[in-house]
Amino acid sequence: MTPEEIAQVVSLCRARAGLKVAPDKTYLIESRLSPVARREGFDSISDLLAALRARREDALVWSVVEGMAAGETAFFRDRTPFQQFRDEMAPQLAKARGGAPIRVWSAACATGQEVYSLAMLVGELAEADPALRIELAASDLSRRALDRAQAGVYTQLEVQRGLPIRLLVRHFEKEGEQWKLAADVRARVRWRRINLIAGLRQIGRFDVVFCRYVLGHMTEEAQRKVLEDLTCVVPTDGFLVLGAKERITGLGDTFQPIVGRPGLFRRNPQHQEAAA
Amino acid sequence: MKTCLVIDDSRVIRKVARRILEDLGYEVAEAADGAEGMAWCGAEMPDAILLDWNMPVMTGIEFLRRLRAEPGGDKPVVVFCTVENDLAHIQEALDAGADEYIMKPFDGDIVMGKLVEAGL
């Protein structure tokens, strides 16, 4: 790729999705965009980018941006946040909501493993307490990722990353060499395409927002905007869940880490909402 | 140091597994079939066992049933590691007392994750 082509990709990703693409990681850019070029019927990445310059077709722009945004995910990734959800967040919120549903959002859900891990947990919680109401929503920038997530079909490799074997037996059926998640678990999740930098103030309240390993891929400006918008989404007694080692220091005073709970954040009561 | 016994009739798989387990800090012993595995466990129970299914002399599932009937045989964490990848086999393994189950091919991440899952 030429420096001009790389600059084109970097600026597209920043403008459309707030994504931070490192211009020196040519290999990464090429490995992400080669399949996109092939899928869209171009002989090379250069042809794809030339076509984009010639006609700013929205669908094509998004296939490039979504290709660059593709993230890694796994069932029960890092384990701890799921235990904390089951043992701390859900019970606390259930008490506070007094029968009203607890709303949980998996933001940038990619192929859905995170939200389905929650869905399996929610099933267990509901067995123990039939009165407990937890609603799960998941979103991603990429329609392709959302389609895959909604289908709930995973490879043998994917179902072996983080998923306990008993949960595989309990919730999956084998389909050829793939594994399909049971309809009752899939039905617990509502899906939406959401671009996190396009404004989150209209999406409603979510008591728990899982937004792990997302902010780190964004520009500082985009991170600030997402965090600012999330203050309109997460109530003061709700939780923002980031990756265990993710920090938001230097990104404003919107959320504060909960001491002793790496990755868990609360709204900062002192935060002044910025003028919209 | 935790010990792991690798029971597999393929020398190549044993070697691959040994490298992964040693990287995870395990002391590794090897057996080529269930009977050899039983001999190891008779001398000293390991903390973990990585167990193939199809082997000559004594299969993995036979080994597991005998192990669980032995005094102290409930102690080792047993992770099946086999090409058998249908629900019937997995269920049979769990019923016989397996803690976790790996479908080949596997990599280091999967082995590590499954051992953690099984409580190690």
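Asks: Describe in detail helix 2 (residues 26–39) of chain A, supporting the description with residues and values.
Replies: Residues and elements named next belong to chain A. The first and last C-alpha atoms of helix 2 sit 20 Å apart over 14 residues, in line with the 20 Å expected at 1.5 Å per residue. The largest bend in helix 2 is about 30°, located at leucine 33, with the proline proline 35 one to four residues further on. Those residues of helix 2 hidden inside the fold are in contact with helix 1 (3–17), helix 3 (45–54) and helix 4 (58–69). Immediately beyond the C-terminal end of helix 2, within one or two residues, lies glycine 41, with a positive phi of roughly 85°.

Asks: I'd like a rundown of unusual backbone geometry, residues and numbers included.
Replies: Of note, the amide linkage connecting lysine 104 of chain B to proline 105 of chain B takes the cis form, showing an omega dihedral of 0°. A positive phi angle is found at phenylalanine 76 of chain A, which is not glycine, with a value near 45°. Mapped onto the fold, phenylalanine 76 of chain A is located in the loop between helix 4 and helix 5 (80–97). The exposure class assigned to phenylalanine 76 of chain A is buried, which follows from the 23 C-beta atoms found within 10 Å.

Asks: Quick rundown of the sheet that holds strand 5 (residues 100–103) of chain B? Include the residues and the values.
Replies: All names here are of chain B. Taken together, the 5 strands give an open sheet; going across it, the order is 2-1-3-4-5, and neighbouring strands pair in parallel fashion. Sheet topology places strand 2 (27–31) and strand 5 at the edges, where each strand pairs with a single neighbour. Sheet twist, expressed as the mean angle between neighbouring strand axes with direction ignored, is 20°. Relative to strand 3 (residues 48–51), strand 1 (residues 3–7) runs parallel, the two being bridged by 4 bridges. Across the sheet, isoleucine 7 pairs through a bridge with leucine 51, a residue of strand 3. Lying over the sheet, helix 1 (residues 11–23) contacts strand 1, strand 2 and strand 3, oriented at roughly 165° with respect to strand 2. Helix 5 (residues 108–117) rests against strand 3, strand 4 (77–82) and strand 5 of the sheet, and its axis sits at about 165° to strand 5.

Asks: Help me get a handle on the interface of chain A and chain B, residues and values and all.
Replies: Facing 9 residues of chain A, the contacting portion of chain B comprises 14 residues. A per-element tally of the side of chain A that touches chain B places helix 9 (residues 165–171) of chain A first, with 3 residues. When the residues that make up the side of chain A that touches chain B are grouped by side-chain class, the tally is 3 nonpolar, 3 polar and 3 charged.

Asks: Describe the pairing of strand 5 of chain B, and please don't skip the residues or the numbers.
Replies: In summary, the side chains of a regular strand alternate between the two faces of the sheet. All names here are of chain B. Residues Glu100 and Ile102 of strand 5 are buried on one face, and the alternating residues Tyr101 and Met103, pointing to the opposite face, are buried as well. In this structure, strand 4 lies alongside strand 5, joined through 4 bridges in parallel fashion. Within strand 5, the residue paired with cysteine 81 across the bridge is isoleucine 102. Following the chain from strand 4 across helix 4 (residues 87–95) to the adjacent parallel strand 5, one finds a crossover that is right-handed.

Asks: I'd like a rundown of the sheet that holds strand 5 (residues 178–181) of chain A, residues and numbers included.
Replies: Strand order across the open sheet formed by 3 strands is 3-5-4 (chain A), with antiparallel pairing between neighbours. The outermost strands of the open sheet, each flanked by one partner alone, are strand 3 (153–154) and strand 4 (172–175) of chain A.

Asks: I'd like a rundown of the domain arrangement of chain A, residues and numbers included.
Replies: Residues and elements named next belong to chain A. As assigned here, chain A comprises domain 1 (3–69) and domain 2 (80–151 + 182–267). Placing a centre on the C-alpha atoms of domain 1 and another on those of domain 2 gives a separation of 29 Å. Across the contact, 7 residues belong to domain 1 and 9 residues belong to domain 2. Class assignment for the residues of the side of domain 1 that touches domain 2 results in 3 nonpolar, 1 polar and 3 charged.

Rules of the game
- Residues numbered from 1 in each chain as written.
- Chains lettered and ligands numbered in written order.
- Predicted model: local features only at pLDDT ≥ 70, side-chain atom pairs only at ≥ 80, totals over all residues.
- Helix = DSSP H or I, 4+ residues; strand = E, 2+ residues; numbered from the N terminus.
- Expected span 1.5 Å × (residues − 1).
- Bend = angle between axes of the 7 residues up to and from the residue.
- Contact = placed C-beta atoms within 7 Å.
- Buried ≥ 20, exposed ≤ 12 C-beta atoms within 10 Å, placed from the backbone.
- Pairing = 2+ DSSP bridges.
- Axes fitted to C-alpha atoms, helices over the stretch in contact; angles between N-to-C directions.
- Nonpolar A, V, L, I, M, F, W, Y, C, P; charged D, E, K, R; others polar.
- Right-handed = clockwise from strand over helix to strand, strands pointing away.
- Domains from an automatic or database assignment.

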